[in-house]
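Overview (structure and organization)
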Amino acid sequence: MTSDQFQNSASDGQDGSAAQARGFGDWRAPSHWLTISTLDCHTGGEPLRIVTGGFPKLSGTSILAMRRDCLENHDHLRTALMIEPRGHADMYGALITPAERSDSHFGALFMHNEGYSTMCGHAIIALTKTAIEAGVVATTMPRTSIKIDVPCGQIHAYAELNEDGIQGIYFDNVPSFVAALDQQVEVKGIGVVNYSLAYGGAFYAYVDATTIGLSLQAENHRQIIDLGRRIKQAVMASIEVVHPFESDLSFLYGTIFSAPSDTPGVHSRNVCIFAEGELDRSPTGSGVSGQAAILHARGQLEIGQALTIESILGSQFQVSVQSTLEYGDHKAVIPRVQGNAHVTGKNTFYIDPEDPLQHGFLFR
């Protein structure tokens, strides 16, 4: 065989393989299978799977009522979308719902490997970006504002725009406050752990990682997850977590470890372990909100002062205190959180009723 003949034969084989590969795209699901479509994004490395079609309509006129309906009647679809084989132990998702308030643009429910969270800052940033770019909301220059109803309340999100598109995204969170400052708890395998309990749309136990000798480097993620879960369980057993107005918000969502950062201009590194051992790849929007409340209570963050907090990946959020207010029995702050999101793809998922693993599985 001459070199020209070899090249022609190889070319034919490549073309044939390409045609065969394209043929797989002609596969069609049976009409009786449930089909769910999603738009996938990440904010600072933390995934967000936005459900864009196929999910049953939720009952209820409030976000919390729709959250309860989803838990009671459609939770098998949460597990199907969040955990294996369609997702993984650290997947995160959002369901778009009708707005609860007359001046809101839409609502959102947040879901993960354990259930449904009450607030998610990284999701708000991604939803703001994609809502504008998809034309879900009308845009105005130089700033577009969006109001989103979520389980913890109404979130005011903003995007700064020019002719080249979105230049910045930030949101003003719900009132965030310190529930218990400078507490101690005995944790099996660790000893006495000092922590503070704060709320930024969800409750977290905040721990200075240096006080327990914990490294927040990415290669140490397994130990971070292990200790985060242990501390969460110990705190839950030792203190009552109470939201001043809503019992559905009265639970401990996770543990946040914080430590000084080696990155110039960055205040600290936050690593959040939430739900059933999920590790947040972003600095955690609700988490830095609670952190802002703690720093303000300690006199370390003034109104209008901004600081940067990084994640385990080094991705960054900026947080500031916009104002203060009385919130029940608490002195609260309104945090502003800024970050950026990116779209990673679109997915079409099928639920085969004959698949014994159709609702997913989880090893961790």
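Given the structure is predicted, the values throughout are model-derived calculations rather than measurements.

Reading the values: rules and limits
Residues numbered from 1 in each chain as written. Predicted model: local features only at pLDDT ≥ 70, side-chain atom pairs only at ≥ 80, totals over all residues. Heavy atoms only, no water. Helix = DSSP H or I, 4+ residues; strand = E, 2+ residues; numbered from the N terminus. Rg over C-alpha atoms; globule rule 2.2 N^0.38 Å. Buried < 20%, exposed > 50% of the residue type's maximum accessible area, 1.4 Å probe, protein only. Contact = heavy atoms within 4.5 Å. Areas by Shrake-Rupley, 256 points an atom, 1.4 Å probe, with all protein chains shown as cover. Lys, Arg positive; Asp, Glu negative; His and termini not counted. Charge placed at Lys NZ, Arg CZ, Asp CG, Glu CD. Core = buried A, V, L, I, M, F, W, Y, C linked by side-chain atoms within 4.5 Å. Salt bridge = Lys/Arg side-chain N within 4 Å of Asp/Glu carboxyl O. Expected span 1.5 Å × (residues − 1). pLDDT = per-residue confidence, 0-100. Phe/Tyr/Trp six-rings, centres within 6.5 Å; stacked < 30°, edge-to-face > 60°. Pairing = 2+ DSSP bridges.

Along its length, the chain carries six helices and 18 strands. Here the C-alpha radius of gyration of the chain, 23 Å, is about what a compact globule of 364 residues would show, namely 21 Å. Once the C-alpha set of the chain is aligned to its principal axes, its extents read approximately 80 × 50 × 45 Å. Put simply, the chain has 364 residues, and 52% of those count as buried. Pairs at least 24 apart in sequence give 63% of the contacts found in the chain among residues at least 6 apart. Per element, the accessible surface of the chain, about 16500 Å² overall, is 49% carbon and sulfur. Separation of charge centres in the chain, based on 24 positive and 39 negative side chains, amounts to 2 Å.

Next up on the list: the nonpolar core. Proteins that are soluble and globular tend to have nonpolar side chains buried together. Residues Phe110, Ile124, Val150 and Phe257 are the most contacted members of the largest nonpolar core, which totals 86 residues. Counting residues per element, this core draws most heavily on helix α4 (residues 121–133), which supplies seven residues. The contacts of Val150, once residues within four sequence positions are left out, are Ile63, Ala108, Phe110, Thr118, Met119, Ile124 and Ile155. Counting residues in hydrophobic clusters, the runner-up holds 17 residues, among them Ile83, Met91, Leu109 and Phe349.

Our focus in this paragraph is the pattern of salt bridges. The final tally for this structure, using the stated rule, is 14 salt bridges. Asp103 is the salt-bridge partner of Lys147, the closest N and O atoms lying 3.1 Å from each other. Of this pair, Lys147 sits in strand β6 (residues 143–150) while Asp103 is found in the loop between β3 (93–97) and β4 (106–111), placing the two residues 44 residues apart along the sequence. Judged by its relative accessible area of 24%, Lys147 falls in the partly exposed class.

When the terminal C-alpha atoms of α4 are compared, their 19 Å separation across 13 residues agrees well with the 18 Å that a helix rising 1.5 Å per residue should span. The buried count for α4 comes to twelve of 13 residues, which makes it a mostly enclosed element. Looking only at α4, the buried set comprises Gly121, His122, Ala123, Ile124, Ile125, Ala126, Leu127, Thr128, Lys129, Thr130, Ala131 and Ile132.

With respect to the element layout, Ser196 can be found in strand β10 (residues 191–199). Judged by its relative accessible area of 3%, Ser196 falls in the buried class. Sequence-distant contacts of Ser196, that is, excluding residues within four places in its chain, are made with Ala180, Leu181, Asp182, Tyr204, Ala205, Tyr206, Ile294 and Arg298.

Across the chain, the average pLDDT comes to 95, with 96% of residues at or above 70. Across residues 1–11, where pLDDT falls below 50, the model places one contact with residues more than four positions away in sequence or in other chains.

It is worth spelling out unusual backbone geometry at this point. Of the consecutive residues Glu84 and Pro85, the connecting peptide bond is found in the cis state with omega at 5 degrees. Tracing the chain through its elements places Pro85 in the loop between α3 (75–82) and β3. In this structure, the amide linkage connecting Met141 to the following residue, Pro142, adopts the cis form with an omega of 0 degrees. Examined against the element boundaries, Pro142 turns out to sit in the loop between α4 and β6. Despite not being glycine, Asp182 has its phi angle at roughly 55 degrees, a positive value. For Asp182, the position within the fold is in strand β9 (residues 176–187).

Turning our eyes to something else, we now look at the packing of aromatic side chains. A complete count under the given rule lists 16 aromatic pairs for this structure. Plain terms: the ring middles of Tyr92 and Phe274 are 6.0 Å apart, the flat faces sit at 65 degrees to each other, and that makes the pair edge-to-face. With a gap of 182 residues between them, Tyr92 in the loop between α3 and β3 and Phe274 in strand β13 (residues 268–274) connect regions that are remote in the sequence. Of the two residues examined, Tyr92 and Phe274, each falls in the buried class.

Glancing now at the pairing of β10. In terms of burial, β10 is a largely internal element, seven of the nine residues being buried. Turn length for the β9-β10 hairpin, with the two strands adjacent in sequence and antiparallel, is three residues, and the turn residue Gly189 shows positive phi of about 85 degrees. As paired strands, β10 and strand β11 (residues 203–208) are joined by four bridges and run antiparallel to one another. Following the sheet pairing, Tyr199 is matched in β11 by Phe203. Between β10 and β11, which pair antiparallel and follow one another directly, the connecting turn spans three residues, one of which, Gly201, has a positive phi of 105 degrees.

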